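Each chain, written out:
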Amino acid sequence: MLSRAAATAAGTAALLGVLTVPAAADGHSSADPDCGGSNVVVTVCAAATSSTPGSSGGSGTPAAHHGQSGSGTPKCTYSKLTPQPPANNLAMQDGKRRGGKGAVYQVWCDTGRFGVVWIPDGAAPAQPAVDPETLARRAADSMTLRGPDIASPRAAGRYLVGMPMWMWVDQTPTTYGPQSARATTGGVTVTATAKVSSVSWNMGDRTSPVVCTGPGTPYTASAGKAASPDCGHLYATTPSTPDGRFPLTATSTWTITWHVDGNQTDAGQWTETRTSTLGVHVSEAQVVNQ
């Protein structure tokens, strides 16, 4: 069974049609060498209420009336390529097979999916026979993605106010990645790859979370009292809890990227989060008078 996010993505995919040739990474120009660096000049949001696509003879805009505005609703943008790709381009050949009355549009969705599609005049984008984004989410669902494997601070450790704390995580396939999975149906195979892109540490002392874009650096005795070079914290107070521990929460952001095997232009990405918790014992240093 697909998650709510996957069901939302499936609704978005209905707008995409069959993606056949490269699209630009910046959303403003075609990356297909056959397109000669053509520029996108017309943009329409998928939340538009119009239901009549533009004409291939001008710079009209196709409707994307499948979507609705509102929080949590996926939106796609259809941008007409001007000038149109040459006749030997795969998207143009697809249009020729379907009568030749239409135009090629670039597609971008807020789910991270991108590509190009031929849209006949007077028609909305067609439902693809196989939805690769749904396949990608099925592949991701088969992976085991867990919260951070916290190596430091240790649950049994004792830490001092005013002393720099070094935080780091162990990197395993299930807690940090990367790991990949495939899903296949109807002759279409999608490969999804997941890897942690950041770890956010909520230290439990009402300070702002510490966001680390890497796993952190393990502490060594040679570092002495120096602060961590990339992922650290300093407790300024002791906890008020009965057990003398701050409730620490580490949240990893997994970035899942996917592509259709044999068609790198039909691709996308999304993020998911996983959390691990522990208590950190923090006390003040005891001074002994001589």
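Residues numbered from 1 in each chain as written. Predicted model: local features only at pLDDT ≥ 70, side-chain atom pairs only at ≥ 80, totals over all residues. Heavy atoms only, no water.

A look at the overall build of the protein chain
Phase 1 of the analysis: Along the protein chain, the regular secondary structure elements total 3 helices and 14 strands.
Phase 2 of the analysis: Counting over 290 residues, the protein chain shows a buried share of 43%.
Phase 3 of the analysis: Accessible surface computed for the protein chain: about 14300 Å², of which carbon and sulfur atoms make up 52%. (Helix = DSSP H or I, 4+ residues; strand = E, 2+ residues; numbered from the N terminus. Buried < 20%, exposed > 50% of the residue type's maximum accessible area, 1.4 Å probe, protein only. Areas by Shrake-Rupley, 256 points an atom, 1.4 Å probe, with all protein chains shown as cover.)

A few points about the state of the cysteines
Phase 1 of the analysis: Under the counting rule described, the total for this entry stands at 1 disulfide.
Phase 2 of the analysis: Note on cysteine connectivity: Cys212 is disulfide-linked to Cys231, with sulfurs 2.1 Å apart. Since a negative S-S torsion denotes a left-handed disulfide, the Cys212-Cys231 link at about 85° is right-handed. Note that Cys212 is positioned in strand 11 (residues 210–212) and Cys231 in the loop between strand 11 and strand 12 (232–234), a separation of 19 residues in sequence.
Phase 3 of the analysis: Look at Cys212 and you get buried, because its relative accessible area is 1%. (Disulfide = S-S within 2.5 Å.)

Examining the environment of Lys101
Phase 1 of the analysis: Tracing the backbone through its elements, the reader meets Lys101 in the loop between helix 2 (90–97) and strand 3 (102–109).
Phase 2 of the analysis: Sequence-distant contacts of Lys101, defined by excluding residues within four places in its chain, comprise Trp118, Pro120 and Asp121. (Contact = heavy atoms within 4.5 Å.)

Considerations on the nonpolar core
Phase 1 of the analysis: Formed by 36 residues in total, the largest nonpolar core has its most connected members in Trp201, Met203, Tyr235, Leu248, Ile256 and Val280.
Phase 2 of the analysis: Counting residues per element, the ones that place at least two in this core are helix 3 (132–141), strand 9 (179–185), strand 10 (188–202), strand 11, strand 13 (245–260) and strand 14 (263–283).
Phase 3 of the analysis: Ignoring any residue separated from it by four or fewer positions in sequence, one finds Ile256 in contact with Ala140, Leu145, Ala192, Thr193, Ala194, Gly268, Gln269, Trp270 and Glu272.
Phase 4 of the analysis: Membership of the second largest hydrophobic core comes to 8 residues, among which are Cys76, Tyr78, Tyr105 and Cys109. (Core = buried A, V, L, I, M, F, W, Y, C linked by side-chain atoms within 4.5 Å.)

Let's talk about the packing of aromatic side chains
Phase 1 of the analysis: Evaluation of the coordinates by the stated rule reveals 2 aromatic pairs.
Phase 2 of the analysis: On the basis of an interplanar angle of 85° and a centroid distance of 5.2 Å, the ring pair of Trp166 and Tyr219 is categorised as edge-to-face. Here Trp166, found in strand 7 (residues 164–166), pairs with Tyr219, found in the loop between strand 11 and strand 12; they are 53 residues apart in sequence, far enough to count as distant.
Phase 3 of the analysis: Of the residues examined, Trp166 reaches a relative accessible area of 9% and is grouped as buried.
Phase 4 of the analysis: Ring plane angle 5° and centroid distance 4.6 Å describe the contact between Tyr235 and Phe246, whose orientation is recorded as stacked. Placement of Tyr235 in the loop between strand 12 and strand 13 and of Phe246 in strand 13 is noted, with a sequence separation of 11 residues between them.
Phase 5 of the analysis: One cation-aromatic arrangement involves Arg137 over Trp270; the distance from NZ or CZ to the ring centre is 4.0 Å. (Phe/Tyr/Trp six-rings, centres within 6.5 Å; stacked < 30°, edge-to-face > 60°. Lys NZ or Arg CZ within 6 Å of the ring centre and 35° of its normal.)

Describing unusual backbone geometry
Phase 1 of the analysis: In the segment running from Thr82 into Pro83, the intervening peptide bond is cis, with an omega of 0°.
Phase 2 of the analysis: When you line up the elements, Pro83 lands in the loop between strand 2 (76–82) and helix 2.
Phase 3 of the analysis: Look at the link from Ser152 to Pro153: it is a cis peptide, with omega at 5°.
Phase 4 of the analysis: Following the sequence through the fold, Pro153 ends up in the loop between strand 5 (149–152) and strand 6 (158–160).
Phase 5 of the analysis: Not every positive phi belongs to a glycine, and Arg206 is a case in point at roughly 70°.
Phase 6 of the analysis: Turning to its location among the elements, Arg206 is positioned in the loop between strand 10 and strand 11.

Overview of the environment of Val190
Phase 1 of the analysis: By the element assignment, Val190 lies in strand 10.
Phase 2 of the analysis: You can call Val190 buried: its relative accessible area is 0%.
Phase 3 of the analysis: For the pair Val190 and Asp131, spaced 59 residues apart in sequence, the C-alpha to C-alpha distance is 9.9 Å.
Phase 4 of the analysis: With sequence-adjacent residues up to four places away left out, Val190 is seen in contact with Pro132, Leu135, Ala136, Ala181, Arg182, Ala183, Trp258, His259, Val260 and Asp261.

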